[in-house]
Amino acid sequence: MKVGVLALQGAFGLHEQVLNRIGVAAVQVRTPEELVEVDRLVIPGGESTAISKLLDANGLADPLAERLADGLPVLGTCAGLILLAAEVVDGYPGQRCFGAVDAAVRRNGYGRQSESFHALIEVEGWKSAFPGVFIRAPVIESAGDGVEVLASLDGVPVLCRQGSAVVSSFHPELAEDDRIHRWFVEQE
């Protein structure tokens, strides 16, 4: 299995390190040709506006939309969640939304950089909590009926799945816990 990490902007290197640590061949994806070669994709945190513009500039937006529509398994964290959502409540005009997850999100919904925090996340079916790292994290304001909420924080979804797409408000690559990445690559 070849897992790609969208490497246009953001914390792609940290996701690559986690994947390599768990024995998965991770490759950086910057071109449509590289996207075609992967079996799964991680869209990292970073700045969603910048990533959106770089997807367009690198000719990746349409190929990515096609792969997602065809069921490419994808993990979107923080900015990746914003890009994979159906709606960005406070996005810039023309903000890219791939609609892989029927959710409306608010960018930086948990606050600015100075309001970043850690929280233990109780994931459905897991024996112990996951150490969530929230940095300028988006808030999932609403989720459609087809969205499975896997974890919430104070009643707000922070880890969800719909079809082959998994999204998180937090940064699992910053935790010293590889369970989310391992779970993502082991999904059917």
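K.L.:
I tried to follow the overall build of the protein chain on my own but got confused; where do I start?
P.N.:
Secondary structure summary: the protein chain contains six helices and twelve strands in total. Radius of gyration (C-alpha) of the protein chain: 15 Å, near the 16 Å computed for a compact globule of 188 residues. Along the first, second and third principal axes, the C-alpha set of the protein chain runs to 40 × 40 × 35 Å. For the protein chain, with 188 residues in total, the buried portion stands at 50%. For the protein chain, contacts bridging at least 24 residues in sequence account for 63% of all contacts bridging at least 6.

K.L.:
Is there a simple way to explain the pattern of salt bridges in this structure?
P.N.:
Think of it this way: side chains of opposite charge can pair up when their charged atoms draw near. Under the criterion given, the structure shown has five salt bridges. Between E141 and R106 there is a salt bridge; the shortest N-O distance is 2.5 Å. Linking E141 in strand β9 (residues 139-143) with R106 in strand β6 (residues 101-106), this pair joins segments that are 35 residues apart in sequence. The class of R106 is partly exposed, set by a relative accessible area of 31%. Across the pair D178 and R182 runs a salt bridge, and its minimum N-O distance is 3.0 Å. A relative accessible area of 19% means that D178 is categorised as buried. In this structure R182 comes out as partly exposed when scored by relative accessible area, which is 32%.

K.L.:
How do you make sense of the nonpolar core when you look at a structure like this?
P.N.:
Note that soluble globular proteins tend to have their nonpolar side chains buried in a common cluster. Membership of the largest hydrophobic core comes to 31 residues, with the highest contact counts inside it found for L6, L35, L41, I43, L55 and L64. Those elements that provide at least two residues to this core are β3 (40-43), α3 (48-57), α4 (61-69), α5 (79-84), β5 (85-88), β6 and β12 (165-168). Looking at this core, the element that brings in the most residues is α5, giving five residues. Contacts of L55, omitting those with residues within four sequence positions, involve L6, L8, L60, A61, L64 and F98. V3, F134, A175 and F184 belong to the second-largest nonpolar core, a separate cluster that totals 27 residues.

K.L.:
Quick question: what am I supposed to make of the sheet that holds β3 here?
P.N.:
Strand pairing within a sheet occurs via backbone hydrogen bonds; the two strands may be parallel or antiparallel. Strand order in this open sheet of seven strands is β2-β1-β3-β4-β12-β11-β10, and the pairing throughout is mixed. Looking at the sheet topology across the chains shown, the edges are occupied by β2 (25-29) and β10 (148-153). On average, each strand axis in the sheet is inclined to that of its neighbour by 20°, with strand direction left out of account. Pairing analysis gives four bridges linking strand β11 (residues 156-162) to β12, with the strands arranged antiparallel. Among the inter-strand pairings, L159 is bridged to a residue of β12, identified as S168.

K.L.:
Would you take a moment to explain the pairing of strand β4 (residues 74-77) for this structure?
P.N.:
Consecutive side chains of a regular strand alternate in pointing toward one face of the sheet and then the other. Both faces of β4 are covered, namely the face carrying V74 and G76 and the face carrying L75 and T77. Strand direction decides the pairing type here: β3 and β4, joined by three bridges, are parallel. Looking across to β4, one finds that L41 is bridged to V74. Examined bridge by bridge, β4 and β12 share four bridges and lie parallel to one another. Residue pairing for β12: G76 is matched across the bridge by V167.

K.L.:
Would you take a moment to explain helix α6 (residues 179-186) for this structure?
P.N.:
For α6, the complete set of buried residues consists of I180, H181, F184 and V185. End-on, the buried residues of α6 take up no more than an arc of 125°, which puts them together on one face.

Cut-offs and rules
Residues numbered from 1 in each chain as written. Predicted model: local features only at pLDDT ≥ 70, side-chain atom pairs only at ≥ 80, totals over all residues. Heavy atoms only, no water. Helix = DSSP H or I, 4+ residues; strand = E, 2+ residues; numbered from the N terminus. Rg over C-alpha atoms; globule rule 2.2 N^0.38 Å. Buried < 20%, exposed > 50% of the residue type's maximum accessible area, 1.4 Å probe, protein only. Contact = heavy atoms within 4.5 Å. Salt bridge = Lys/Arg side-chain N within 4 Å of Asp/Glu carboxyl O. Core = buried A, V, L, I, M, F, W, Y, C linked by side-chain atoms within 4.5 Å. Pairing = 2+ DSSP bridges. Axes fitted to C-alpha atoms, helices over the stretch in contact; angles between N-to-C directions. Arc of directions from axis to C-beta.

Spatial relationships are all this shows, so hold off on functional conclusions.
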